[in-house]
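Structure at a glance
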Amino acid sequence: MVCTQKSKKTEFKTLEGVITRTKNGEKVSLSSKCAEIDREMISSLGVSKSVLNNVIFCHQEDSNWPLSEGKALKQKFDEIFSATRYIKALETLRQVRQTQGQKVKECQTELKYLKQNKEKACEIRDQITSKEAQLTSSKEIVKSYENELDPLKNRLKEIEQNLSKIMRLDNEIKALDSRKKQMEKDNSELEQKMEKVFQGTDEQLNDLYHNHQRTVREKERRLVDCQRELEKLNKESRLLNQEKSELLVEQGRLQLQADRHQEHIQARDSLIQSLATQLELDGFERGPFNERHIKNFHKLVRERQEREAEIASQLMNDFAEKETLKQKQIDEIRDKKTGLGRIIELKSEILTKKQNELRNVKHELQQLEGSSDRILELDQELSKAERELSKAEKNSNIEALKTEVISLQNEKADLDRTLRKLDQEMEQLNYQTTTRTQMEMLTRDKADKDEQIRKIKSRHSDELTSLLGYFPNKKQLEDWLHSKSKEINQTRDRLAKLNKELASAEQNKNHINNELKRKEEQLSSYEDKLFDVCGSQDFESDLDRLKEEIEKSSKQRAMLAGATAVYSQFITQLTDENQSCCPVCQRVFQTEAELQEVISDLQSKLRLAPDKLKSTESELKKKEKRRDEMLGLVPMRQSIIDLKEKEIPELRNKLQNVNRDIQRLKNDIEEQDTLLGTIMPEEESAKVCLTDVTIMERFQMELKDVERKIAQQAAKLQGLDLDRTVQQVNQEKQEKQHKLDTVSSKMELNRKLIQDQQEQIQHLKSTTNELKSEKLHISTNLQHRQQLEEQSVELSTEVQSLFREF
């Protein structure tokens with residue numbers, strides 16, 4: 001190290017630190033260049049940095065830190081006892097506990113919503129199961145109906161085909177009738193329009209028609225030929241018109257090119273005239289110009305261009321030679337300028353240097369003018385400083401103060417050893433107190449855990465014993481819960497299956513009820529329609545009776561239709577003069593009156609016959625229409641029979657069977673619900689107990705750990721001296737510390753007095769030395785004054801010569 005004494009203070013500086021150890025009889029050195037000395041010293045001493053700074057090497061001014069504020073005092077003690085990492089660990093644990101608590105709350109909230117979602121999902125799953133069952137039953141029912149519907153569709157298809165055939169035949173008949181009427185109408189119209197009716201035979205008419213057809217075909221052929229010729233001429237006309245338009249377009253394009261060519265010629269002539277005027281060429285004052293003039297002009301312009309190019313090339317060569325010459329002159333001038341500039345810079349530097357030297361010499365001469373007076377003043381100050389130095393050396397008692405400081409240092413070392421012993425004793429007492437406190441805390445913790453285990457057992461003992469027959473541990477209770485959960489799931493599956501079957505049965509029942517209702521409504525509708533047509537429910541007898549009536553009416557109509565001709569023939573025969581007997585029985589009429597009576601009777605019957613025929617035909621049509629309607633109701637009658645005898649009874653039997661199945665399923669579901677309602681509360685109560693049983697097992701494990709810690713603390717307390725208390729040791733430590741502070745203050749005061757006296761003597765010595773050196777320096781300067789004056793004259797001469805050179 002090095003310490004430098006300044007005018008008012010000393011400056012301390014460490015040059016290099018070295019630690020020397022003796023290992024196995026050899027000295028081993030460690031330099032500060034290879035390691036950090038402070039850390040190595042702390043490691044070697046085996047004491048932490050905080051103990052060195054605050055206890056062992058604590059400065060007197062900082063020795064009262066145990067009386068500082070609570071926060072600063074706690075920080076000091078934490079550093080001394082290395083409790084910072086434990087505090088940080090506790091803070092980290094507290095933060096982790098707070099974070100985990102927050103996560104537990106969030107998970108509990110999330111668990112609540114997850115349970116709700118689970119329950120809702122179970123409900124939706126049950127609904128899906130029931131709906132799937134309903135869908136399956138509905139599909140089966142639809143499939144059965146489709147199977148039943150296939151023969152009906154085939155039958156209906158056959159009926160529709162027959163009906164379509166009938167309708168088609170009816171339409172054909174109506175079409176033929178209408179066509180006949182139209183042809184008759186057209187025939188009558190043609191007869192009315194014809195001016196002359198052909199009176200010949202059909203063969204003659206056919207010959208005439210064929211001749212007319214041949215004439216028409218000949219004219220049509222000629223017309224086709226004429227049209228083909230006309231199309232050919234039109235095509236040729238279009239081609240000619242197109243060619244004409246193309247020629248017109250070409251003519252316009254060529255005319256345009258000719259106009260542009262003429263414009264270009266005029267522009268060329270004007271350019272030739274202007275260029276000839278500019279180049280002073282004769283013979284090109286007036287246009288137009290022919291090909292010979294153009295060739296002549298080109299030849300003259302080319303010759304003129306060649307001459308101008310030669311002249312320009314000659315000028316360029318001349319200018320290049322002149323440029324080269326000028327460039328050489330410029331380079332020579334630039335080199336000369338550069339040399340002169342360098343010379344000027346050197347002269348300027350020399351001039352500046354000589355002026356500075358001259359200025360310094362003059363300044364030194366001015367300072368040396370008062371040196372003789374300053375020597376006398378320095379002699380007086382030097383004698384005064386030597387007197388003060390001798391006086392201060394006589395009055396100083398440094399040796400006595402140093403002896404007293406050494407004795408105080410020995411006393412302080414003894415007090416330090418005593419304080420260290422007291423600190424060790426205090427540490428042991430504090431450790432003993434901590435151990436006892438931990439022992440008491442562990443004992444209380446053990447009692448608390450025993451009490452909590454007893455409470456848990458008393459709270460759930462009866463319930464778990466009633467469920468399992470004994471008080472289980474966590475694994476046994478979890479196994480029992482697993483079996484119960486499995487049983488609940490199986491019960492739920494059976495219940496879901498039963499609900500599915502019940503839903504399917506209910507759906508089937510509703511479908512059967514709807515189908516039965518529809519069938520009954522259909523039966524009622526068919527019976528109403530049948531009754532409206534027949535007037536009774538005896539369809540077969542009514543149809544047979546109607547057929548007999550139609551047959552009778554048909555015979556009567558035929559009889560009436562033939563009666564008119566018979567009556568007319570009879571009347572003709574009776575009115576004939578040669579016939580005077582009855583045409584039927586060949587009875588001869590005796591008198592004319594009898595004959596006339598028969599004729600009048602026949603005439604009256606002949607007059608009544610059309611009316612009777614008409615009424616009979618209308619009645620027959622009504623009966624046939626009714627018969628057709630009844631025949632159309634034959635499938636309906638068959639459907640009524642099927643509905644009454646087969647379909648409706650089958651549906652009623654199915655409905656009874658479905659009702660019995662529904663009642664059985666309801667009983668099974670009620671039984672499963674009862675079983676589930678018994679098992680689930682047991683599972684819920686066991687789940688509640690499982691949490692407490694888990695906590696109880698954790699308490700039992702913690703209780704074993706606490707008992708182990710109690711045994712460890714009891715082992716630590718064996719063999720300790722318990723006579724002295726912490727208060728006694730602390731009081732003795734305070735007395736020794738007060739005495740140590742007094743010794744330290746005295747020692748510091750003596751050191752300060754020694755330092756002050758040494759500083760005073762050193763200051764006087766340094767003042768004397770400074771005065772002597774200044775006196776010597778002034779004497780030397782006076783000897784060199786003559787040399788400086790000669791040097792000043794030489795420098796002035798050199799500066800003036802340099803100015804003249806510039």
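Residues numbered from 1 in each chain as written. Predicted model: local features only at pLDDT ≥ 70, side-chain atom pairs only at ≥ 80, totals over all residues. Heavy atoms only, no water.

**Thoughts on the overall build of the protein chain**
Short version of the rule: In DSSP terms, a helix is any run of H or I states spanning at least four residues, a strand is any run of E spanning at least two, and both are numbered starting from the N terminus. Should any heavy atoms of two residues lie within 4.5 Å, those residues are considered in contact. Each accessible area value is a Shrake-Rupley result obtained with a 1.4 Å probe; residue values ignore everything except the protein chains displayed when judging cover.
Regarding its fold elements, the protein chain presents 14 helices and 4 strands. Counted over contacts in the protein chain with a minimum sequence separation of 6, partners at least 24 positions apart contribute 74%. Summed over its atoms, the accessible surface of the protein chain is roughly 61700 Å², and 52% of this surface lies on carbon and sulfur atoms.

**Thoughts on the packing of helix α2 (residues 49–56) against helix α3 (residues 70–80)**
Short version of the rule: Geometry is summarised by axes, namely lines fitted to C-alpha atoms with helices restricted to the contacting stretch, and by angles between N-to-C directions that run from 0 to 180 degrees. Under this scheme an angle from 65 to 115 degrees is roughly perpendicular, one under 35 degrees roughly parallel, and one over 145 degrees roughly antiparallel; angles in between are oblique. When residues are sorted by character, Ala, Val, Leu, Ile, Met, Phe, Trp, Tyr, Cys and Pro go into the nonpolar class, Asp, Glu, Lys and Arg into the charged class, and all the rest, Gly among them, into the polar class.
In the contact formed by α2 and α3, the axes pass within 8 Å of each other and the chain directions differ by 125°. Compared by their axis directions, α2 and α3 come out oblique. On the side of α2, the interface is formed by S50, V51, N54 and V55, while α3 contributes K76, E79 and I80. Its residues assigned to classes, the contact of α2 with α3 shows 3 nonpolar, 2 polar and 2 charged.

**Notes on the pattern of salt bridges**
Applicable threshold: Think of a salt bridge as a Lys or Arg side-chain nitrogen and an Asp or Glu carboxyl oxygen that are within 4 Å of each other. Here the term buried applies to any residue with accessible area under 20% of the maximum for its type, exposed to any over 50%, and partly exposed to those in between, with areas from a 1.4 Å probe on protein chains only.
Throughout the structure, instances matching the rule amount to 21 salt bridges. Across the pair R417 and D414 runs a salt bridge whose closest N-O atoms are separated by 2.0 Å. Here R417 and its partner D414 are both found in helix α8 (residues 398–468), 3 residues apart, which amounts to about one turn of the helix. Residue R417 is classed as partly exposed on the basis of its relative accessible area of 42%. Here D668 and R664 are joined by a salt bridge, their closest N and O atoms 3.7 Å apart. Of the two residues, D668 and R664 are both situated in helix α12 (residues 634–716); the distance of 4 residues between them amounts to about one turn of the helix. Within this structure, E218, R221, D225 and R228 form a network of salt bridges that share partners.

**Here's the deal with a nonpolar patch on the surface**
In plain terms, the rule: Without a salt bridge and with relative accessible area above 30%, a residue can belong to a patch; like charges are then joined within 9 Å and nonpolar side chains (Val, Leu, Ile, Met, Phe, Trp, Tyr) within 5 Å.
A cluster of nonpolar side chains, namely M41, L45, V55, I56 and F57, defines an oily patch on the protein surface of about 460 Å² accessible area. For the nonpolar patch, the secondary structure elements donating two or more residues are α1 (37–45) and α2. Structurally, the position occupied by V55 is in helix α2.

**Some points on the side chain of D78**
Inspection of the secondary structure puts D78 in helix α3. On the basis of relative accessible area, D78 is assigned to the buried category, the value being 15%. Apart from residues no more than four positions distant in its own chain, D78 is found in contact with A83, T84 and I87.

**A word on the packing of aromatic side chains**
Filter applied, for reference: Note on aromatic contacts: the rings of Phe and Tyr and the six-membered ring of Trp form a pair at centre separations within 6.5 Å, being stacked when their planes are under 30 degrees apart, edge-to-face when over 60 apart, and tilted otherwise.
According to the stated counting rule, one finds 1 aromatic pair in the structure shown. Taking 5.7 Å as the distance between ring centres and 70° as the angle between the ring planes, the aromatic pair formed by W65 and F77 counts as edge-to-face. Of the two residues, W65 is situated in the loop between α2 and α3 and F77 in helix α3; the sequence distance between them amounts to 12 residues. Residue classification places W65 among the buried positions, given a relative accessible area of 14%. For F77, a relative accessible area of 35% corresponds to the partly exposed category.

**Concerning unusual backbone geometry**
Of all residues except glycine, most have a negative phi; of all peptide bonds, most are trans. Even without glycine at this site, N24 takes up a positive phi of about 60°. Within the secondary structure, N24 is located in the loop between β3 (18–23) and β4 (26–31).

**Thoughts on the side chain of T491**
You can see T491 is positioned in helix α9 (residues 474–534). Residue contacts for T491: discarding those within four places in its chain leaves Q672, L675, L676 and I679.

**Some words on the confidence of the model for the protein chain**
What counts is decided by this rule: A residue's pLDDT is simply how confident the predictor is in it, with values from 0 to 100.
For the protein chain, the average pLDDT comes to 76, and 80% of its residues sit at 70 or higher. Here helix α14 (residues 785–805) is the element of the protein chain with the lowest mean pLDDT, 65, and strand β1 (residues 2–5) is the one with the highest, 90.

**What to know about the pairing of strand β2 (residues 10–13)**
The following threshold applies: One requirement defines pairing of two strands: DSSP has to find at least two bridges between them.
The pairing of β1 with β2 spans 4 bridges and is antiparallel. Bridging from a neighbouring strand, Q5 pairs with T10 of β2. Between β1 and β2, which pair antiparallel and follow one another directly, the connecting turn spans 4 residues.

**Considerations on α2**
Turning to α2, its buried residues number three or more, namely S50, V51, L52 and N54. Of the surrounding secondary structure, the elements contacted by the buried residues of α2 are α1 and α3.

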